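# Commentary on secondary and tertiary structure
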Amino acid sequence: MSPELRVKPDWLKPLYPWEQHAITVNGRTMAYIDEGDANARPVLLLSGNPTWGFLYRDFIGPLTQAGYRAIAPDWVGAGYSDHPHNDTALTFAHHIADLVSLMEQLRLRGFVIVGQDWGGPQGVGAALQRVERLDALVLMNTWLFTDYIGKFHSSPRPWTTWHAPLIGQFFMKRHKILSHAGPSITSQRGITETEARAYHHVFDESDSDHVVLTWPRTIPMREGDRGWDDMLAIERRLPELARVPTLLLWAPGDNVFTIEYANRLKELLPHAEGPITFDKAAHFLQDDRGPDIARAIVEFLDKTVGRTI
Amino acid sequence: MKFITPTAEELSYLRADPLLWEQELDIRPDVAEVIEQATGIRAGRVYWRSDHDYLYSLELADLGHGRPAMATIYGHWDRYEPRPPEHEIDVDLLGFLVWLAGITESIDPSDIERVADFAHKQTGHVWTTWPEDSVLRTPEERFANLPDFPYEPHYVEVEGLRMAYIEQGTGDPILMLHGEPTWGYLYRHMIPPLAKLGRVVVPDLIGFGRSDKPVADNAYSFKSHVRWTRRFVDSLDLKRITLVCQDWGGPIGLRVVSEMPERFSHLVPMNTGITDGSREPASGFLSWRRISQRASDFNVAAGIRAVLSRRTLTDEEAAAYDAPFPSKEYQAAVLNFPRFAPIRPDHPGAYDSRLAIEKLRTLDLPVLLLAGDKDPYTRGGLDVLHSIFRNSAPPISIKDAGHFIQEDAGEEIAEHIRAWMAATP
C-alpha cells in the first residue's frame, strides 16, 4: 500500500508543478520529487531547517535539462513528509537512516549529494553509509564538524534562547516563529507572499513544528550534546571522501554559516573546489540565487562526473 | 519476559526509534501496577531482546502518580540503517503485548492475537509474516538438469520463508554453508566423498539457490542471515555437527556456533574469516565491495569464472550458478552481502561479531583451516581464525586454488577433511 500525501493546494502548483511521490521510510512517509531520466545520474537536493523541496524549485529545470535526475526529498518532520509528534523520531540518526532508506528503495547508484544547512551533515551522513555509491558532493552554507561554532549558533540572542526548554515550545511550536518567518526575513531578493506561504503552509497544522525545534537542539556545541557523536562520526570519516569530487558554494552574507565555516570545510576536504561565493544571498542562497547556483552545479558535474553513471 | 542490561557500547551503535507511546498508562491502574511489578521500576527504562534478536526498550515516567504513568516502547536499530521489515517489528510488538496481557488479569492474552487477526483481515494492516509481493521464489524449472547435482531439494520454513537444502548419507551431520554469490551447488564435488562419512546437509542461504528471496534490501542483514541459519539448524535439530564453510558461510556459521556451541563437534572454515572491524580489510575485498555496491545487478557465473584457478566452468555449470536469479529483482541478497562485512569497529554487525569472537575463543572444538593460495579476498582471515581457535593448526594451503576452493579443489579438500576427521574424533 503506497502512502498518501497531503493535497498540494492549487495556488502552489504554478510555483512547484512537479509530482510529489510518497515512500515509507522507517515507518514514516517521506515525500519527494523525482524528475528527469530515471537512468541518469541522480542528484539529491537536500534542504534544512525549516524548508523543504520548494527551496530547490529553481534547480529542477536546469538539472533535468542538462540530463541529470533531480530528486528532492522532504525530511521527515518537514515539507510534505510526515510530521511526527514524538521528538525522539527526529534525531540526527533518524534523518540519516531515513535518507539511506530512500536511496536504498530507489536503488540509487553513483549519486550526487547537494546539501545546505542540515542537508549537509544528514546527506553526507547517509552517503557515508553507502559511500561506494557516492560520486560527487556539493555543499552550501552548512557544516560537517564539531570543532568550530560560529557566533550565531552559540549566541543567546536569539538562537540559544529561541530553542531553550519550554521557551522553544512557546516560540517555535506554539507560535511557529521560525517555520513561518525564517525564509522570508532572511531573503535578500525579497520573496513574494506566495513564496513565503509555500515555505510555511506545510506547518499549518497545530503541533506540527517538532522538527523545527529538534534541529536547533541537535546542533553540537560541546561533547555530550545530542548531535555530538553523530557529527563526530561524520567528521572522522571525511578522509574517505578524498576521491569524491566536491564543490563548495557559499553565500558569505549568511550570518548563520559564515565564510569561516566554508574555510573549515576546505581544510577538512582540501580537494574541494571553491568556495565559490555568491553575493546578494544569505542563508537560503538557493532561494536568493537559484538559477546561478544551479548553473554552477551543472557546470561542475558536467566537468567532473557527467550525467551517465 | 527477560529484561537485560545492554552495554553502553552496544547502545552507542544503535538508535532508539519510538514505536508506541502511551501518555495515559495509568488510565488502567492495574496495567500500570503489573508493569511496575514485572519491570521492578516506576520510572526509567528496561530492555529486552526479541525472537528476532532485536533490542527493544520500555521507558516509563511516573509523573508523581505513585505508579508508572507514561510509557514509550522503542526499537533499537543499527544507528544509521533503515529499520528491519515492518512485519518483524509487528511480531515483536505483539509478543510484548501478549506478555503484558498475560500478566494483567483483566486482559486475555488470546484476545491480542484475535484482534491482530481481525485487524489484518479488515484493514490489511498488522502483518505477522511477509506481505504478498515482498518475497520471490525462483521457479523450479530453472533448476532442471543441473550437472552433477541430482539431489532432491528439501525445504524447511524459517520465519515464513522457505529455506532449501539437500541431504545425502547418514550419521552425524556435516553442514556445508556457502557464501556470496553461490548456493549449495558449489559443494557438489564434495558431497559424494563426504556423504560416506556422515549425513551431508547443504542449505541455500535465504536469498540464494532454491531458498526464498525477500526483495527489499532492509530484509537482509548480517544478523538476519545468522538468525535464519540458526533457525535452520534448530528445525532440523542437528547435533554433533561438522561445519564446513566458505566465504559468508564462515562469519554466519561461526556466529551460529558461538550461539549454540553444544551442537557442533568439528569446524572446517575455508577461505573465510570473522572480523569485528578492528583490522584493515584485504584490499581485494575492498575493491570487490566497491564494485559490488555500485552494481544494480550482478553476473554471478562470470564473477565466479573470473576467479577460478585450476578449472573453468562449463556453460551448463555457469547456468547452474545463474539459475537462482532469473532477473535482478531476485538479487537483493547477492547485492547486499558485501556491505555487511564489518570494515570499521562501528560498522553495523561489528559489535555482534566481537561478542561472537570472544565466545569462540573459549571453545575447545577441533578446527581445520583450509586456504586457497590464490584467494585475494580472505587473505589473513584464516590466520585470525587460527589465533581465535585454541584447538586449531595453522591453515593448510591448497595449491592453485582460488576463492571458490570447492570448485578448484573439491575432491582434494574433501580428502583433507576425511583424513583430519579420522584423526580427530
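## Observations regarding the overall build of chain A
Along chain A, the regular secondary structure elements total 13 helices and eight strands. Here the C-alpha radius of gyration of chain A, 18 Å, is about what a compact globule of 309 residues would show, namely 19 Å. Expressed as a percentage of the 309 residues in chain A, the buried residues total 63%. Sequence separation of at least 24 residues holds for 77% of the intrachain contacts in chain A that already meet a minimum separation of 6. Counting 31 positive and 38 negative side-chain charges, chain A places the averaged centre of each group 1 Å from the other.

## Looking at helix α12 (residues 350-361) of chain B
Every α-helix winds through 3.6 residues per turn, so residues three or four apart in the chain are directed the same way. Residues and elements named next belong to chain B. Compared with an ideal rise of 1.5 Å per residue, which puts 12 residues at 16 Å, α12 spans 16 Å between its outermost C-alpha atoms and is within 8% of the ideal. Taken together, the buried positions of α12 are Ala350, Tyr351, Ser353, Arg354, Ala356, Ile357 and Leu360. Packing partners of the buried residues in α12 comprise α1 (8-12), α6 (222-235), α7 (249-259) and α13 (381-388).

## A word on the nonpolar core
Core analysis: the largest hydrophobic core is formed by 104 residues, its most contacted members being Leu45, Leu63, Leu241 and Leu301 of chain A. In this structure Leu241 of chain A touches Val124, Leu128, Val131, Leu134, Leu137, Leu269 and His271 of chain A, once residues within four positions along its chain are discounted. In terms of nonpolar packing, the next biggest core, distinct from the first, is built from 101 residues, Trp248, Phe264, Ile398 and Ile417 of chain B among them.

## Examining the packing of aromatic side chains
Across all of its chains, the model carries 38 aromatic pairs over all chains by this definition. Taking the centre distance of 5.3 Å and the plane angle of 90° together, the rings of Tyr16 of chain A and Trp18 of chain A count as edge-to-face. Judged by relative accessible area, Tyr16 of chain A falls into the buried class, the value being 1%. Pairing Phe3 of chain B with Trp99 of chain B gives two aromatic rings, centres 5.8 Å apart and planes at 85°, and the pair type is edge-to-face. Here Phe3 of chain B is found in the segment before α1, whereas its partner Trp99 of chain B is found in helix α3 (residues 86-103), with 96 residues between them in sequence. Take Trp99 of chain B: its relative accessible area is 16%, and that puts it in the buried class. Here the aromatic residues Phe92, Trp118, Trp143, Phe145, Tyr148, Phe257 and Tyr261 of chain A are joined through ring pairs into a cluster of three or more. Above the face of the Tyr74 of chain B ring, Arg45 of chain B is positioned so that its terminal group lies 4.4 Å from the ring centre. In this structure, Arg162 of chain B is placed above the aromatic ring of Tyr155 of chain B, and the distance from its NZ or CZ to the ring centre is 3.6 Å.

## A short note on the sheet that holds strand β2 (residues 44-49) of chain B
All names here are of chain B. Here we have four strands laid out as an open sheet, ordered β1-β4-β3-β2, and antiparallel in their pairing. The open sheet has two free edges, formed respectively by β1 (14-22) and β2, since each of these has just one partner strand. Each strand axis lies, on average, 25° off the axis of its neighbour in the sheet, ignoring direction. Pairing of strand β3 (residues 55-61) with strand β4 (residues 70-78) involves seven bridges; the strand directions are antiparallel.

## Quick notes on the side chain of Thr272 of chain B
Residues and elements named next belong to chain B. Its place among the elements puts Thr272 in the loop between β12 (264-270) and α8 (283-294). On the basis of relative accessibility, which here comes to 2%, the residue Thr272 falls in the buried class. A distance of 2.6 Å separates the side chain of Thr272 from the backbone oxygen of Asp247, its partner in a polar contact.

## A look at a nonpolar patch on the surface
All names here are of chain A. A grouping of Ile167, Phe170 and Phe171 is seen on the molecular surface, where their side chains present a nonpolar patch of about 240 Å² in accessible area. In this fold, Phe171 is placed in helix α6 (residues 167-174). The class for Phe171 is partly exposed, based on a relative accessible area of 34%.

## Things to note about the packing of α8 of chain B against helix α11 (residues 332-340) of chain B
To describe two helices that pack against each other, one gives the angle between their axes and the distance between the axes. Residue and element names in this part refer to chain B. Close contact between α8 and α11 brings their axes to 9 Å; oriented N to C, the two are set at 140°. Considering their axes alone, α8 and α11 lie oblique with respect to each other. The handedness of the crossing between α8 and α11 is left-handed. Across the interface between the two elements, Phe285, Trp288, Arg289, Ser292 and Gln293 of α8 pack against Leu335, Pro338 and Arg339 of α11. Considered class by class, the residues forming the contact of α8 with α11 number four nonpolar, two polar and two charged.

## Quick word on the pattern of salt bridges
Residues and elements named next belong to chain B. Applying the stated criterion across every chain, the model contains 62 salt bridges over all chains. A salt bridge links Arg137 to Asp212, with the shortest nitrogen-to-oxygen separation between them at 2.8 Å. Of the two residues, Arg137 sits in the loop between β5 (135-136) and β6 (154-158) while Asp212 sits in the loop between β9 (199-203) and β10 (213-214), which places them 75 residues apart along the sequence. The class for Asp212 is buried, based on a relative accessible area of 3%.

## Remarks on unusual backbone geometry
All names here are of chain A. Residue Pro50 is bonded to the preceding Asn49 through a cis peptide linkage, with omega at -5°. Along the chain, Pro50 turns up in the loop between β3 (42-46) and α1 (57-65). Looking along the chain, the bond that leaves Gly274 and enters Pro275 is cis, with omega of 5°. Positive phi, close to 50°, is recorded for Asn26, a residue that is not glycine. Relative to the helices and strands, Asn26 is located in the loop between β1 (20-25) and β2 (28-35).

Cut-offs used in this document
Residues numbered from 1 in each chain as written. Chains lettered and ligands numbered in written order. Predicted model: local features only at pLDDT ≥ 70, side-chain atom pairs only at ≥ 80, totals over all residues. Heavy atoms only, no water. Helix = DSSP H or I, 4+ residues; strand = E, 2+ residues; numbered from the N terminus. Rg over C-alpha atoms; globule rule 2.2 N^0.38 Å. Buried < 20%, exposed > 50% of the residue type's maximum accessible area, 1.4 Å probe, protein only. Contact = heavy atoms within 4.5 Å. Lys, Arg positive; Asp, Glu negative; His and termini not counted. Charge placed at Lys NZ, Arg CZ, Asp CG, Glu CD. Expected span 1.5 Å × (residues − 1). Core = buried A, V, L, I, M, F, W, Y, C linked by side-chain atoms within 4.5 Å. Phe/Tyr/Trp six-rings, centres within 6.5 Å; stacked < 30°, edge-to-face > 60°. Lys NZ or Arg CZ within 6 Å of the ring centre and 35° of its normal. Pairing = 2+ DSSP bridges. Axes fitted to C-alpha atoms, helices over the stretch in contact; angles between N-to-C directions. Polar contact = N/O pair within 3.5 Å; in protein donor to acceptor, adjacent residues only side chain to side chain. Patch = residues over 30% accessible without salt bridge, like charges linked within 9 Å, V, L, I, M, F, W, Y side chains within 5 Å. Areas by Shrake-Rupley, 256 points an atom, 1.4 Å probe, with all protein chains shown as cover. Salt bridge = Lys/Arg side-chain N within 4 Å of Asp/Glu carboxyl O. Parallel < 35°, antiparallel > 145°, perpendicular 65-115°, else oblique. Left-handed = near helix turned anticlockwise from the far one by under 90°. Nonpolar A, V, L, I, M, F, W, Y, C, P; charged D, E, K, R; others polar.

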